[in-house]
Amino acid sequence: LRKLTISRAAIRNAMGFALDNVESAPEIVEILTDSLTIPETPVQTKIARLFLVSDILYNCSRVSIPNIHVFRSAYVEFYNYKTNTPLTRSFFFFKV
């Protein structure tokens, strides 16, 4: 995560790690989300991490991996815990 770049290969490898470790989704979500709040982190690294979050959430509804939906639920739970603001699952299904 510290060496993540915005290259497609780097994002793909990190995404593969997340999908291979879906049973650890809550921990992956917490580490990834907390890493976005570190002030010293370069902007390029934060953008790469946002790309990874985006890919994880996108693939929750696209990839046929057992229990992949756990990532989406983990993001909702983590957000609710950190902000004390209820975030419903419908937030992730809006159309632009």
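Residues numbered from 1 in each chain as written. Predicted model: local features only at pLDDT ≥ 70, side-chain atom pairs only at ≥ 80, totals over all residues. Heavy atoms only, no water.

**Observations concerning the environment of Phe 51**
Moving on, step 1. Structurally, the position occupied by Phe 51 is in helix 3 (residues 43–60).
Moving on, step 2. Counting along the chain gives 36 residues from Phe 51 to Met 15, while the straight-line C-alpha distance between them is 9.8 Å.
Moving on, step 3. Contacts of Phe 51, omitting those with residues within four sequence positions, involve Ile 6 and Ile 11. (Helix = DSSP H or I, 4+ residues; strand = E, 2+ residues; numbered from the N terminus. Contact = heavy atoms within 4.5 Å.)

**Topic: the side chain of Arg 49**
Moving on, step 1. Residue placement: Arg 49 occurs in helix 3.
Moving on, step 2. With sequence-adjacent residues up to four places away left out, Arg 49 is seen in contact with Leu 1, Arg 2, Leu 4, Leu 32, Ser 35, Leu 36 and Thr 41.

**Description of the confidence of the model for the protein chain**
Moving on, step 1. In the predicted model, the protein chain carries a mean pLDDT of 81, and the fraction of residues at 70 or more is 81%.
Moving on, step 2. Helix 4 (residues 69–83) is the least confidently modelled element of the protein chain, averaging 75 in pLDDT, while helix 1 (residues 8–20) averages 93, the highest of any element.
Moving on, step 3. Low pLDDT (under 50) marks residues 89–96, which in the prediction has nine contacts with non-local residues, meaning those over four places away or in another chain. (pLDDT = per-residue confidence, 0-100.)

**Things to note about the nonpolar core**
Moving on, step 1. With 23 residues, the main nonpolar core has Leu 4, Leu 52, Ile 56, Phe 71 and Tyr 75 as its most contacted residues.
Moving on, step 2. When contributions to this core are tallied by element, the ones reaching two or more residues are helix 1, helix 2 (25–35), helix 3 and helix 4. (Core = buried A, V, L, I, M, F, W, Y, C linked by side-chain atoms within 4.5 Å. Buried < 20%, exposed > 50% of the residue type's maximum accessible area, 1.4 Å probe, protein only.)

**Regarding the side chain of Thr 45**
Moving on, step 1. With respect to the element layout, Thr 45 can be found in helix 3.
Moving on, step 2. With near-sequence residues (within four places) excluded, Thr 45 lies in contact with Leu 1, Arg 2 and Leu 4.

**Let's talk about the environment of Leu 36**
Moving on, step 1. With respect to the helices and strands, Leu 36 occurs in the loop between helix 2 and helix 3.
Moving on, step 2. Given the relative accessible area of 22%, Leu 36 is considered partly exposed.
Moving on, step 3. Distance in space between the C-alpha atoms of Leu 36 and Ile 47 is 8.9 Å, their sequence separation being 11 residues.
Moving on, step 4. Discounting residues that sit within four places of it in the chain, Leu 36 has contacts with Lys 46, Arg 49, Leu 50 and Val 53.

**Brief notes about helix 2**
Helical periodicity: at 3.6 residues per turn, an α-helix aligns residues three or four positions apart in one direction.
Moving on, step 1. The complete set of buried residues in helix 2 reads Ala 25, Ile 28, Val 29, Leu 32 and Ser 35. For helix 2, the buried positions fall inside an angular range of 140° around the axis, keeping them on one side. (Arc of directions from axis to C-beta.)

**So, the packing of helix 1 against helix 3**
Moving on, step 1. At a minimum axis distance of 10 Å, the contact between helix 1 and helix 3 shows a crossing angle of 50°. Classed by the angle they form, the pair helix 1 and helix 3 counts as oblique. Crossing of helix 1 over helix 3 shows right-handed handedness. Here Ile 11, Ala 14, Met 15 and Ala 18 of helix 1 lie close against helix 3, whose contacting residues are Ala 48, Phe 51, Leu 52, Asp 55, Ile 56 and Asn 59.
Moving on, step 2. Looking at side-chain class alone, the contact of helix 1 with helix 3 contains eight nonpolar, one polar and one charged residues. (Axes fitted to C-alpha atoms, helices over the stretch in contact; angles between N-to-C directions. Parallel < 35°, antiparallel > 145°, perpendicular 65-115°, else oblique. Left-handed = near helix turned anticlockwise from the far one by under 90°. Nonpolar A, V, L, I, M, F, W, Y, C, P; charged D, E, K, R; others polar.)

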